[in-house]
Every structure is written in C-alpha cells, then in structure tokens.
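# Structure at a glance
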Amino acid sequence: MPLLFHSTNRQSPGVDLREAFLRGQAPDRGLYFPETFPVLAPEEIAAFADLPYAEIAFRVLSRYTDGILPAEVLSGFCREAYDFDIPLETVYDRVVVMRLDQGPTASFKDFAARMMARLMGRFLHEDGRQLTILTATSGDTGAAVAHAFHNIPGIRVIVLFPLAEVSLSQRKLMTTLSGNVRTVAVDGKFDDCQAMVKQAFADPALSALPLSSANSINIGRLLPQSVYYFYAASRLARPGEPIVFSVPSGNFGDMMGAMVAKRMGLPVRKIVTSVNDNDAFPKFLATGHYEKIVPSRNSVSNAMNVGHPSNLARLVALYGGRMDETGRIHQMPDLAAMRRDLFSSSVSDDRTRDTIREVWNRYQLLLECHGAVGWRGFQDWQATEPLDGLPAVILETANPAKFPEEIEQTIGFAPDVPPAMTAALQLPENFDRLGADYESFRQYVIQAHA
Ligand SMILES: *Cc1c(COP(=O)(O)O)cnc(C)c1O
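The sections below set out a description of the structure shown in this document.

## What to know about the site of the ligand
Taken together, 15 residues lie around the ligand, and Lys109, Asp140, Gly250, Asn251 and Thr397 are the ones closest in. Here an oxygen atom of the ligand sits 2.8 Å away from a polar atom, N or O, in the side chain of Asp140. At a separation of 2.8 Å, a nitrogen atom of the ligand approaches a polar side-chain atom of Thr397. In isolation the ligand offers 380 Å² of accessible surface; the protein chains occlude 97% of this area. Split into classes, the residues belonging to the shell around the ligand amount to six nonpolar, six polar and three charged.

Given below as structure tokens:
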C-alpha cells in the first residue's frame, strides 16, 4: 500500500503521493500531509555518512514513492537533479554554514523544483496529459521553476514577474530560456502578478485549460527539502547525536523539510526558524495568539516577505492542532511541545545588514540577506540556551551574487558571480510584456494554448 496523504482541513479523502502531487491543493483547500511518517532506523541514517547526496535523496524519497514509481526511475532522477555541490563551511567550533546556492539558479529552490519537474513530467506522461504551470515570482521561485521545467515534455511554463522589482541577474535567470518556458514582465508589483495568477485559476473562462501551480503548498516541493538535513547531519553529527538547524523562513516550506527529517527519525535538537519583519510566527510561539500580517511587510530579504506562511497549517497539524487556509485556528497545537522543538525570532533589516558586515569582518564569510537572517536567528537562540558542543547548521539559501547592489552597499564590494550564473547572464533575453490588468493576461494565456 502506498503511503496516504491527508488534507490539513480533514474534509477530503486521503490520496497517494501521485494524486497529492498533481492536485497541489486538496479539494477542501487544505494542504496534503502524511498522517504518519516513514521512520528510518538509526543504522540506516548512520549509513548515510558514506553516501553521496543523490543516494541519500533516493533512500529518503523512495519511502514516499514506493508503489507508485519504480526504484530505478527515482534513482535516475536523483542523480540528474542533484549534480551540483553542497558546501558545508565550518565557521567556528561546530557551527557550519550549508550553502544551498550552487544549483543552476543559485537558490535552495533548485532542490525542490528539479525533483518536482521530473516527477511531474513522469506522472503526466503516464496519463498522456499536458499541463501549464502558471507562477508569479518575486525572483527566486520563477527562475528555479523555469529552469527545472525547461524542456520537460508535456509541460508549459508561464512565469509572471514585476519588471521593476526584480534584479537584472534574477531576471536573466528566467528570461534566457525559451522553448516551453515563457516569461512575462508585468508593469506592476509582485502583488499584481500574484493576483493575476490567482484570478486565472479561478476564471471560468480558463477552466478548460490544464493549469497548475508550482508553489510551496505542493507536497512535491516539500519532501525533497528534507534531504539536505539528512545530508548535513551525515557529514557533521556522530551517529545518534542531535543537531541544530537554523532556517531563514518565509512560507515555511524549507523549515518543514527539517521537521519532516526529524519525524523520519533524524535526531534534531532545535529548529531555529527566523523571519524578517513579518513576525506573525514568533509572536504566535510566544503568546499562542496568531495574527497574520496583511499586507506583508517589505524587507531586504525579499523572498521571505510573507505575512501568513502557507505551510503553517502543516506545522500546526504536526503538533495536533488545526489551522485553516485563512490562518484561523480551530484547534490549538501543543504549544509546549512546539517550544521545545522550535525557536523563532524576527530579524529587522538593520540587524540583517549588521550581521552581513559582522560575519564578513569577523570570519571573512560572505552571507546574503536571507542567510544573514538565519545566522542572526541562531545567535538569538544561543542567547537563551547553550549548544553543549553539538553541531549546528545555518542554511544559506541564496548566492550573494543574486543581490550585488545590496551586498556592495553593505560591505563595499560586489560578490563573485558563480559560473552557472555567468552563462545565463550572457545569453540573449526573451520575454513578453503586459500591463497589470487581468484581461490582457487572460488573452495571453488563451493564446499560449491556441
Ligand atoms: C523562498 C526563499 C526563502 C524562504 O523559504 P520558505 O520555504 O518560503 O520559508 C528563503 N531564502 C530564499 C533565498 C528564498 O528564495
């Protein structure tokens, strides 16, 4: 029997991974999540120490795909998807920065997007179906999704981005592809792009088209994000030794990967979940009172400008509570247990920039704004509890070269550009332009399917 995934709203029947994947959201608007997690034995986890990343990915993910995908297919996908470095840089004692920024679009979103694209392409092919992925992006998601789905048969991608809010390098990582990937520069804000995509999903005039999304409510994006936690522990912790993770967070998909790893048996002492000025979660953890932030607050860590983290419903469900998609809590989770496992603080833009400067001056380690929030959150936690000599891993989720202006203003020089990005920066761009009005976008989507 394949593992069943249930909706956090508990009003839809359980489905297997394949269904959960292709649907994205459950019919009751909840998020799919396994009722119980497959648990790896301590010996299996200990054996990861000698395995390459792709093999660890296979051993973790096959627990979810058994019965719906042949092992050799998954194993091939893991080798193709994870063919880049994952540097672990020791900063002091056993405190390490894990750089998840070496993929083709230089953010951690490559890890999930590359696996998701392969699985989705396979499932669609089996059904003889086609799909169009619509996605609005403030930068990183669009690039990761566009690259991952480029040239996957049966899938078309349309990415909307706000022309004035995306850096040149972020833009070129999306617009230099062609084929099945179309990019649209919108004369408006990210909020406009997101509203246009949402409206398209709800538009009866488009309901005959096979539209889908690739955002982090999809369980297919979440599971691959549990693998790098196993990987880090396999290189840094002794067998059975607990480890600390610090994850800069927006929609909480990345930190939920750490939670999944923990539930699968990885010994984890604490998951530090730091946020920027969008501090609904740290307030909730402190007071038990949840108030989403509308509209979300802008900050320099722009990929984390999220006022109501979409994966919070899953986190609450893991601790026995129930939160609906609007953020209303129907049943309180076990807060005491959450506080034992999690720490959360909010890091302002001033503290973010100070952190980049301080870490550079003290350790010659270059962080960008998102990783700096992770670093500062870890230090905030350290002020409350000793580490007791355990290993701790702070996730750097993007490459500093994606934000050259910000880095230069903060420490006085521009970061080196990694080779994967250099190539994209030299290719010719190709994108369409639209105003921020829904009617023209609707016509655009219809024409793309003509
Ligand atoms: C998306 C993103 C985040 C936030 O990840 P979530 O899973 O949404 O919490 C952090 N850093 C970078 C660079 C990102 O692109």
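That shown, we press on.
## Thoughts on the sheet that holds strand 9 (residues 243-248)
Taken in spatial order, the six strands make up an open sheet running 3-4-14-9-10-13, and their pairing is mixed. A strand with exactly one partner marks an edge of an open sheet, and here the two such strands are strand 3 (88-92) and strand 13 (342-343). Alignment of strand 9 against strand 14 (residues 392-396), held across three bridges, turns out to be parallel. Considered in strand 14, the bridge of Phe245 is made with Val393.

## Describing the pairing of strand 10 (residues 268-274)
With six of its seven residues buried, strand 10 lies for the most part within the structure. Bridge count for strand 9 against strand 10 is six bridges, and the pairing is parallel. Paired with Phe245 across the bridge in strand 10 is Ile271. Where the polypeptide runs from strand 9 across helix 11 (residues 253-263) and back to strand 10, its parallel neighbour, the crossover connection is right-handed. With two bridges connecting them, strand 10 and strand 13 associate as parallel partners. Bridged to Val272 within strand 13 is Phe343.

## Remarks on the nonpolar core
Grouped together as the largest cluster of nonpolar side chains are 112 residues, with contacts concentrated most on Phe149, Phe230 and Leu315. Here this core takes nine residues from helix 5 (residues 109-127), the largest share from any one element. Beyond its immediate chain neighbours, meaning those up to four positions away, Phe149 contacts Ala113, Met116, Ala117, Met120, Ile133, Ile155, Val157 and Asn180. Within the second largest apolar cluster, 18 residues are counted, among which are Ile158, Val184, Val197 and Tyr444.

## Things to note about the packing of aromatic side chains
Applying the stated rule across the entire model yields 21 aromatic pairs. When the centroid spacing of 5.1 Å and the interplanar angle of 75 degrees are considered together, the rings of Phe111 and Tyr228 count as edge-to-face. One end of the pair, Phe111, is in helix 5; the other, Tyr228, is in helix 10 (residues 227-236), and 117 residues separate them in sequence. Of the two residues, Phe111 and Tyr228, both sit in the buried class. Between the NZ or CZ atom of Arg263 and the centre of the ring of Tyr319, over which it lies, the distance is 5.3 Å.

## Details of the pairing of strand 7 (residues 181-187)
Along strand 7, five of the seven residues are buried, which leaves the element largely enclosed by surrounding structure. Relative to strand 7, strand 6 (residues 155-162) runs parallel, the two sharing six bridges. Of the residues in strand 7, the one forming a bridge with Ile158 is Arg182. Each parallel crossover has a hand, and for strand 6 linked through helix 7 (residues 168-175) to strand 7 it is right-handed. When strand 7 meets strand 15 (residues 432-435), the two strands line up parallel, connected through four bridges. Bridge pairing in strand 15 links Val186 to Leu434.

## Things to note about the layout of surface pockets
Empty space among the atoms becomes apparent when a probe as large as a water molecule is rolled across them. Computed from the structure, the second largest pocket encloses a volume of approximately 240 Å³. Forming the walls of the second largest pocket are 17 residues, and the residues nearest its centre are Ile45, Ala46, Arg238, Pro239 and Gly240. For the lining of the second largest pocket, the class distribution of residues is twelve nonpolar, three polar and two charged.

## Details of the side chain of Asp341
Tracing the backbone through its elements, the reader meets Asp341 in helix 14 (residues 335-341). Beyond its immediate sequence surroundings of up to four residues, Asp341 is in contact with Met259, Lys262, Arg269, Lys270, Ile271 and Tyr319.

## Brief notes about the side chain of Arg99
One can find Arg99 in strand 4 (residues 95-99). Among the residues examined, Arg99 registers a relative accessible area of 10% and is labelled buried. Residues within four places of Arg99 in sequence aside, it is in contact with Ile86, Pro87, Glu89, Leu365, Leu366, Glu396 and Pro400.

## Section: the pattern of salt bridges
Scanning the model with the defined rule gives 31 salt bridges in all. With its nearest N and O atoms 2.8 Å apart, the salt bridge here joins Arg433 to Asp187. Pair noted here: Arg433 is in strand 15 and Asp187 is in strand 7, with a separation of 246 residues, a long-range link. When its relative accessible area of 46% is taken as the criterion, Asp187 is described as partly exposed. Overlapping salt bridges, with partners in common, bring together Arg18, Arg122, Glu126, Asp127 and Arg129 in one network.

The rules behind these values
Residues numbered from 1 in each chain as written. Predicted model: local features only at pLDDT ≥ 70, side-chain atom pairs only at ≥ 80, totals over all residues. Heavy atoms only, no water. Near = heavy atom within 4 Å. Polar contact = N/O pair within 3.5 Å; in protein donor to acceptor, adjacent residues only side chain to side chain. Areas by Shrake-Rupley, 256 points an atom, 1.4 Å probe, with all protein chains shown as cover. Nonpolar A, V, L, I, M, F, W, Y, C, P; charged D, E, K, R; others polar. Pairing = 2+ DSSP bridges. Helix = DSSP H or I, 4+ residues; strand = E, 2+ residues; numbered from the N terminus. Buried < 20%, exposed > 50% of the residue type's maximum accessible area, 1.4 Å probe, protein only. Right-handed = clockwise from strand over helix to strand, strands pointing away. Core = buried A, V, L, I, M, F, W, Y, C linked by side-chain atoms within 4.5 Å. Contact = heavy atoms within 4.5 Å. Phe/Tyr/Trp six-rings, centres within 6.5 Å; stacked < 30°, edge-to-face > 60°. Lys NZ or Arg CZ within 6 Å of the ring centre and 35° of its normal. 1 Å grid on protein atoms, 1.4 Å probe; cavity = no way out; pocket = protein on both sides within 12 Å on 5 of 7 lines; lining within 4 Å. Points joined across faces, edges and corners; volume = space filled by probe spheres on them. Salt bridge = Lys/Arg side-chain N within 4 Å of Asp/Glu carboxyl O.

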